[in-house]
Amino acid sequence: ARALTPQTAETDAIRFLVGTQSLRYDNQIHIIDFDDENNIINKNVLLHQVGEIWHISTSPADKGVLATCYNKTSDTKVMTCAAVWRMPKELESGSHESPDDSSSNTQTLELLCHLDNTAHGNMACVMWEPMGDGKKIISLADNNILLWDLQESSDKAVLSSSAALEGKGQLKFTSGRWSPHHNCTQIATANDTNVRGWDTRSMRQIYCIENAHGQLVRDLDFNPNKQYYLASCGDDCKVKFWDTRNVTEPVKTLEEHSHWVWNVRYNHSHDQLILTGSSDSRVILSNMVSISSEPFGHMVDDDELSDQEDQHQEEKIKEPLQDSVIATYEEHEDSVYAVEWSSADPWLFASLSYDGRLVINRVPRALKYHILL
């Protein structure tokens, strides 16, 4: 398995979706519900009756709707296609009932529409407009950016605009992210060693970080609280943090992994917490305080402090806190292709390795309280 996503529209139950990559069987989407109080994982399986799943993403507005990028073989050629699906009604919200015999009642996803890419090439990923009503989607196909409008019941996708990467050689996007800032009018894409920003209204390029990494850029993520900040990772084993207003130098670089870094994710609530997954089989949780929205810790009201505390507090405020690696998780025995934070619980995250192992972890309690208190 390579494809993992939290169920974005679900903010109460802790829930992740995993897509399988099997050549022999029907591929599946596993709906993973984590019961936090009892530490139990429940699973429901949905059949995804087309090829192996390379990427999966969920609607920010509708719990039942998701998109996948999958392989399809036709006339000895393999194409990566994308489609929008709906899961059965009874599985839409977090269920804590685990069926006794999951094999007998496997259900199938309902196809809502294909994102037709016959003219554009292989789909790399699908991104939903983060704050939207779940009707706007961008897909990256080879060197094309395609903006789709889903109709009312999502059973039809209309291509509303597109842009193409121009240049020499075989240009291909590897991944992209839709920025939650600027009224959701910007996306960032990775192709080869470059990171580019685009305005979704004009479909024009607004910035380009050339040679952001020494080798292929694998993934990107926007800081949810600081509008110009972006993280990237790649095959040079590095994670870099950028301010898109000044793209000549990264603001910070992390060099903790020993192989390709496939994934980087900002915590949605506490932007100092950064999660990375790599084909060195490790997941690393870092605390990047210096470039977070609270580099000096929390604001404290003056009235709350006595004189002595006041002085102490002032000394503390002048010192930005130190960046550090909080924890390295080694539960995986294979390449970690995906890491994701839960949409419901900011202290919980999942990681997925190629052998199909999904691990759910928590931010260490001491750090959690340090951030909160």
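Everything numeric here is computed off the predicted structure, so don't read it as measured data.

**Student:** Could you give an account of the overall build of the protein chain, with specific residues and numbers?
**Tutor:** On a plain count of helices and strands, the protein chain comes out with two helices and 28 strands. Taking 373 residues into account, the globule formula puts the C-alpha radius of gyration at 21 Å, and the protein chain, at 21 Å, falls close to it. If one aligns the C-alpha atoms of the protein chain with their principal axes, the spans along those axes are about 75 × 55 × 40 Å. For the protein chain, the accessible surface area stands at approximately 17,600 Å², while carbon and sulfur atoms represent 44% of it.

**Student:** Explain the environment of Ala-61 to me, using residue names and the numbers behind them.
**Tutor:** Residue placement: Ala-61 occurs in the loop between strand 5 (53–58) and strand 6 (65–74). On a C-alpha basis, the gap between Ala-61 and Asn-42 in space is 23 Å, while along the polypeptide they are 19 residues apart. Non-local contacts of Ala-61, meaning those with residues more than four positions away in its chain, are made with Ala-9, Gly-132, Asp-133 and Gly-134.

**Student:** Which residues make up the UniProt feature "repeat: WD" (unreviewed entry) in the protein chain, and what values do they have?
**Tutor:** Sites flagged by UniProt as "repeat: WD" (unreviewed entry) map to residues 210–246. The span residues 210–246 carries 0% helix and 46% strand; its end-to-end C-alpha distance comes to 12 Å.

**Student:** I'd like to hear about the side chain of Ser-59, residue by residue, with values.
**Tutor:** Structurally, Ser-59 can be placed in the loop between strand 5 and strand 6. Only 3.1 Å separates the side chain of Ser-59 from the backbone nitrogen of Ala-61, close enough to count as a polar contact. Non-local contacts of Ser-59, meaning those with residues more than four positions away in its chain, are made with Thr-8, Ala-9, Val-65, Trp-128 and Gly-134.

**Student:** Give me the nonpolar core: which residues, what numbers.
**Tutor:** One finds Val-84, Leu-115, Met-123 and Ile-137 to be the most contacted residues of the largest nonpolar core, which totals 17 residues. Of all the elements in the fold, those that place two or more residues in this core are strand 6, strand 7 (77–86), strand 9 (110–115), strand 10 (123–128), strand 11 (136–141) and strand 12 (144–150). If near-sequence neighbours (up to four positions away) are discounted, Met-123 is found in contact with Cys-69, Thr-80, Cys-81, Ala-82, Leu-115, Asn-117, Ser-139, Leu-140, Ala-141, Leu-146 and Trp-148. With 16 residues, the next largest nonpolar core counts Ala-3, Ile-56, Ala-83 and Met-87 among its residues.

**Student:** So what about unusual backbone geometry? Which residues, and what values?
**Tutor:** Even without glycine at this site, Cys-184 takes up a positive phi of about 60°. Topologically, Cys-184 is positioned in the loop between strand 14 (173–178) and strand 15 (186–191). For Asp-192, which is not a glycine, the phi torsion comes out positive at approximately 55°. One can find Asp-192 in the loop between strand 15 and strand 16 (194–199).

**Student:** Now, about the sheet that holds strand 23 (residues 273–278): what can you tell me, with residues and values included?
**Tutor:** If you trace the four strands from one edge of the open sheet to the other, you get 22-23-24-25, paired in antiparallel fashion. Every interior strand has two partners, whereas the edge strands, strand 22 (261–266) and strand 25 (324–329), have only one. The average angle at which neighbouring strand axes cross in this sheet is 20°, direction not considered. As paired elements, strand 24 (residues 283–287) and strand 25 share five bridges and run antiparallel to each other. Each residue of the ladder has a partner; that of Val-283, found in strand 25, is Tyr-329.

**Student:** Just give me the short version of the pattern of salt bridges, but keep the residues and values in it.
**Tutor:** All told, the structure shown has 15 salt bridges when counted by the stated rule. Across the salt bridge formed by Glu-92 and Arg-86, the nearest N and O atoms sit 3.1 Å from each other. We note that Glu-92, like Arg-86, is buried. For Arg-177, the salt bridge identified is with Asp-221, shortest N-O distance 3.0 Å. Of the two residues, Arg-177 sits in strand 14 while Asp-221 sits in strand 18 (residues 217–222), which places them 44 residues apart along the sequence. Among the residues examined, Arg-177 registers a relative accessible area of 24% and is labelled partly exposed.

**Student:** Please provide a residue-by-residue account of the side chain of Asp-345, values included.
**Tutor:** Topologically, Asp-345 is positioned in the loop between strand 26 (336–341) and strand 27 (348–353). Here Trp-347 takes part through its backbone nitrogen, which lies 2.8 Å from a polar atom of the side chain of Asp-345. Once residues lying within four places of it in the same chain are set aside, the contact partners of Asp-345 are Ile-14 and Asp-36.

**Student:** Account for a nonpolar patch on the surface, naming residues and giving values.
**Tutor:** A cluster of nonpolar side chains, namely Tyr-369, Leu-372 and Leu-373, defines an oily patch on the protein surface of about 350 Å² accessible area. Note on placement: Leu-373 falls in the segment after helix 2 (365–372).

**Student:** Quick one: what's the story with the domain arrangement of the protein chain, residue by residue and with numbers?
**Tutor:** The domains assigned to the protein chain are domain 1 (1–91 + 106–164) and domain 2 (166–293 + 319–372). Between the C-alpha centres of domain 1 and domain 2 the distance comes to 21 Å. Every contact between the two is made by 41 residues of domain 1 and, on the other side, 38 residues of domain 2. With both sides pooled, the region where domain 1 packs onto domain 2 buries about 3,100 Å², and carbon together with sulfur makes up 71% of that total. Counting every contact that joins domain 1 to domain 2 gives one salt bridge.

**Student:** An account of the sheet that holds strand 13 (residues 157–164) is needed here, citing residue identities and associated values.
**Tutor:** The strand order 10-11-12-13 describes an open sheet built from four strands, whose pairing is antiparallel. Both edges of this open sheet fall to strand 10 and strand 13, since each of them pairs with a single strand only. This sheet shows a mean twist of 20° between the axes of neighbouring strands, independent of strand direction. Taken together, the six bridges between strand 11 and strand 12 define a ladder with antiparallel strand orientation. Paired with Ala-141 across the strands is Asn-144, a residue of strand 12.

What counts as what
- Residues numbered from 1 in each chain as written.
- Predicted model: local features only at pLDDT ≥ 70, side-chain atom pairs only at ≥ 80, totals over all residues.
- Heavy atoms only, no water.
- Helix = DSSP H or I, 4+ residues; strand = E, 2+ residues; numbered from the N terminus.
- Rg over C-alpha atoms; globule rule 2.2 N^0.38 Å.
- Areas by Shrake-Rupley, 256 points an atom, 1.4 Å probe, with all protein chains shown as cover.
- Contact = heavy atoms within 4.5 Å.
- UniProt positions renumbered as here; feature names shortened; annotations may be inferred.
- Polar contact = N/O pair within 3.5 Å; in protein donor to acceptor, adjacent residues only side chain to side chain.
- Core = buried A, V, L, I, M, F, W, Y, C linked by side-chain atoms within 4.5 Å.
- Buried < 20%, exposed > 50% of the residue type's maximum accessible area, 1.4 Å probe, protein only.
- Pairing = 2+ DSSP bridges.
- Axes fitted to C-alpha atoms, helices over the stretch in contact; angles between N-to-C directions.
- Salt bridge = Lys/Arg side-chain N within 4 Å of Asp/Glu carboxyl O.
- Patch = residues over 30% accessible without salt bridge, like charges linked within 9 Å, V, L, I, M, F, W, Y side chains within 5 Å.
- Domains from an automatic or database assignment.
- Buried area = accessible area lost by both parts, 1.4 Å probe.

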